[in-house]
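The residues making up each chain are set out below.
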Amino acid sequence: MWMNYRLPTFVLLLLACVLGLPAAPPTPAIAQVGQRATPNPPEPGLFGLNMYITGRERRESEARRLVGIGRQMGAAWSREEISWATWGNAAANSYYDERIRMLTDAGFNVIGMLLTTPEAYRDPACVAHAKHVGTPDYWCAPTDLRAYAAWAAQVVERYDGDGYNDAPGSPRIAAWEIWNEPDIADTWLPAPDPVRYGEMLGLASAAIKQADPTALVLNGGVMTFDAIGVDAFMDKVVQVAGWDSFDVLSLHPWLIDHAPDAPYLINPRENFDVTIPGRLAMAQRWIERNGGGKPIWITEVGWSTCGAACDAPFARSYDEQADYLVRTFVLAAAAGVQHVNYFQLEDKFNGKQQPWGPAALLHDDFSPKPAYHAFRTLATELHAAQYAGTGALHLPGVRDDHRFTLPDGGSLRVLWRIAGREEVAIPLDPSMQAVLIRRDGEMSPLGGSVAQLTLSEQAVYLRQTYDRVVTFAEVPHDLRGGIRQRWEAGGGVPVFGFPLTPVMREQRGGGTYATQWFERARIELHPQNPPPYDVLLGLLGLEALARQGIDWRDLPKIAPEQVPATCAYFAETRHSLCPPFRAYWEADGGLARAGLPISEPFTEWRREERRDVPYIVQYFERTRLEYRPDLPEPFTVQSARLGAELMP
């Protein structure tokens, strides 16, 4: 039954369709009530990229292309520059609004780097110094740190997603990095100053937390060698700013001229270890010594394929770049690192910065290097995996064997030799299906009770799962385990659509669960529940209303006596289900697929091709049904693409 308060609009729409009358003017179906709560920060996840979509060197078409490539690779985060020097004096900046919305609309989470200094806040002596050393003078430290903090708070308020003074579409940035590499002279002119940076960090952190109490604050990523930051930079920063001035320790453990785990970088006698694992262990000891409670994020790391354009020690082969990338992500997971951003997807300066630019995964013409395929395979295999320790073949300094558990109960091992080649035999579980996956994604099924593998510097994956895997030509993501079973049993592509993500871990209702997003749904694994309630569909209908600032419980209800015989009534929510939605709801899976109705039908207006189009919609716990009388049968009633609409 159409609600009385919406019935006139619906009648007008039908008359417009039948008689050719003009449609009603676009008015919001339900007014947004008050300010939305700021969303909690998302789970960090392991896989990120420095994509520099906000870089002004990038054309819009180039930026959009890179966003699509990054998402297809399985990256969930992008570390982006937001430049004070180019922001301007107004609260709004349409350029950054558009580029950040481009990222968040594609499902990326963003680390916003707040950096560079406007001309008005550059010390003339520093400007002269920058000219003398050939470094851009926007890297001069600001003369007014309170002005920097005030600007930071303004930017955070614009991108906190709470509906107040937000950029159009309320894109959300949950993590903010205060400057970049303030411990080196290239990016803090005229010379690194931990006291001055400590003052900046303290002021900016307080201002950011006032604008968005849920925001994560990262120190400007610092180098790691034999201390945290050059010359124990962060020790001095903490003395000035305090331990609570940042939430996450941001590190740049660049090892551009060596393998990440080269044993010759370890001197046991002097307890000196500058491998990637050694640097991470040092950082963890530093955190514990200062009070603990801070996760580690690697916000830059990479290897360059600069060839003859740079000094020989920095030039790695394409295979070395790909091998070192995989090994670094796995070693970071083994060390408990929450998040890694590889530097970078594509060089926005097109090779003008050596050797750093050619660390990119793509050539300047966007053609992929082997490291691109290695990243994509790594993200596909480990996106939802949990580190479970080393395996039986692990031998420090010689051979790596790292075990992961998969959401469907399967297992994954990542193995390599630090140098040379070796034949190994690995027992297989006869009750499981085994697959060997090579670095760049090539798969080979394994039979029998033992796998005979050749280990080399190129990591391989040994995956064992209990059932088959469904793949698609249309999208790069596959289906496995309980999620596959629920998807198939519920109707597959016609009901849920194609998968939009690999399986990933997300915070839901106070817990962290393995989830996979589809065009029209989100399927979740809840292993704490008995079957069949251990695989559930996400409450996307509820979430879609909440994103508009609407609590479904505040929507008008209907009494049972008002419901015609052609309708069903649900006392649990006090809503009806009438034609034309009833037949679709029943055929599409009913309660199991859509859940209970949480609204009566009403009009929503959507912007399509520069015009406002009316939709008659009804919300349910897990979906939104849409009635479009302007479309031919059987497409007049459709299930909304809420997965694509809400995907983080």
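You'll find the structure just up there.
Residues numbered from 1 in each chain as written. Predicted model: local features only at pLDDT ≥ 70, side-chain atom pairs only at ≥ 80, totals over all residues. Heavy atoms only, no water.

Enquirer: Sorry if this is basic, but what is going on with the state of the cysteines here?
Expert: All told, the structure shown has 3 disulfides when counted by the stated rule. There is a disulfide in this structure between C126 and C140, and the S-S distance comes to 2.1 Å. Every disulfide takes its handedness from the sign of the S-S torsion; for C126 and C140 that torsion is -105°, giving left-handed. Of this pair, C126 sits in helix α5 (residues 124–133) while C140 sits in the loop between α5 and α6 (145–158), and the two are 14 residues apart along the sequence. Using a relative accessible area of 4% as the deciding quantity, one classes C126 as buried. Given the relative accessible area of 0%, C140 is considered buried. What pairs with C567 in a disulfide is C578, and their sulfur atoms sit 2.0 Å apart. On the sign convention where negative is left-handed, the bridge of C567 and C578, at about 115° about the S-S bond, is right-handed. (Disulfide = S-S within 2.5 Å. Helix = DSSP H or I, 4+ residues; strand = E, 2+ residues; numbered from the N terminus. Buried < 20%, exposed > 50% of the residue type's maximum accessible area, 1.4 Å probe, protein only.)

Enquirer: Just checking my understanding: could you explain the sheet that holds strand β19 (residues 460–465) for this structure?
Expert: Neighbouring strands of a sheet are bound in pairs by backbone hydrogen bonds; such pairs are parallel or else antiparallel. Taken in spatial order, the 6 strands line up as β12-β13-β14-β19-β16-β17 in an open sheet, and their pairing is antiparallel. Bordering the open sheet on either side are β12 (386–390) and β17 (443–446), each of which pairs with just one other strand. The mean angle between the axes of side-by-side strands here comes to 25°, regardless of whether they run parallel or antiparallel. Relative to β19, strand β14 (residues 411–417) runs antiparallel, the two being bridged by 5 bridges. In the strand pairing of β19, L412 is matched with R463. Where helix α10 (residues 318–334) meets the sheet, its contacts fall on β12, β13 (399–405), β14 and β19, and the angle it forms with β13 comes to roughly 60°. Docked against the sheet, helix α11 (residues 370–382) engages β13, β14, β16 (433–438), β17 and β19, running at close to 25° with respect to β19. (Pairing = 2+ DSSP bridges. Axes fitted to C-alpha atoms, helices over the stretch in contact; angles between N-to-C directions. Contact = heavy atoms within 4.5 Å.)

Enquirer: Explain the layout of surface pockets here, please?
Expert: Think of a ball as big as a water molecule: rolled over the atoms, this probe shows where empty space is left. Empty space within the second largest pocket amounts to approximately 950 Å³. Along its surface, the second largest pocket is lined by 36 residues, and E81, W139, T187, F349 and Q353 are the ones closest to its centre. Top element by residues in the lining of the second largest pocket is strand β2 (residues 77–83). It accounts for 3 residues. For the lining of the second largest pocket, a count of residues per class yields 14 nonpolar, 13 polar and 9 charged. (1 Å grid on protein atoms, 1.4 Å probe; cavity = no way out; pocket = protein on both sides within 12 Å on 5 of 7 lines; lining within 4 Å. Points joined across faces, edges and corners; volume = space filled by probe spheres on them. Nonpolar A, V, L, I, M, F, W, Y, C, P; charged D, E, K, R; others polar.)

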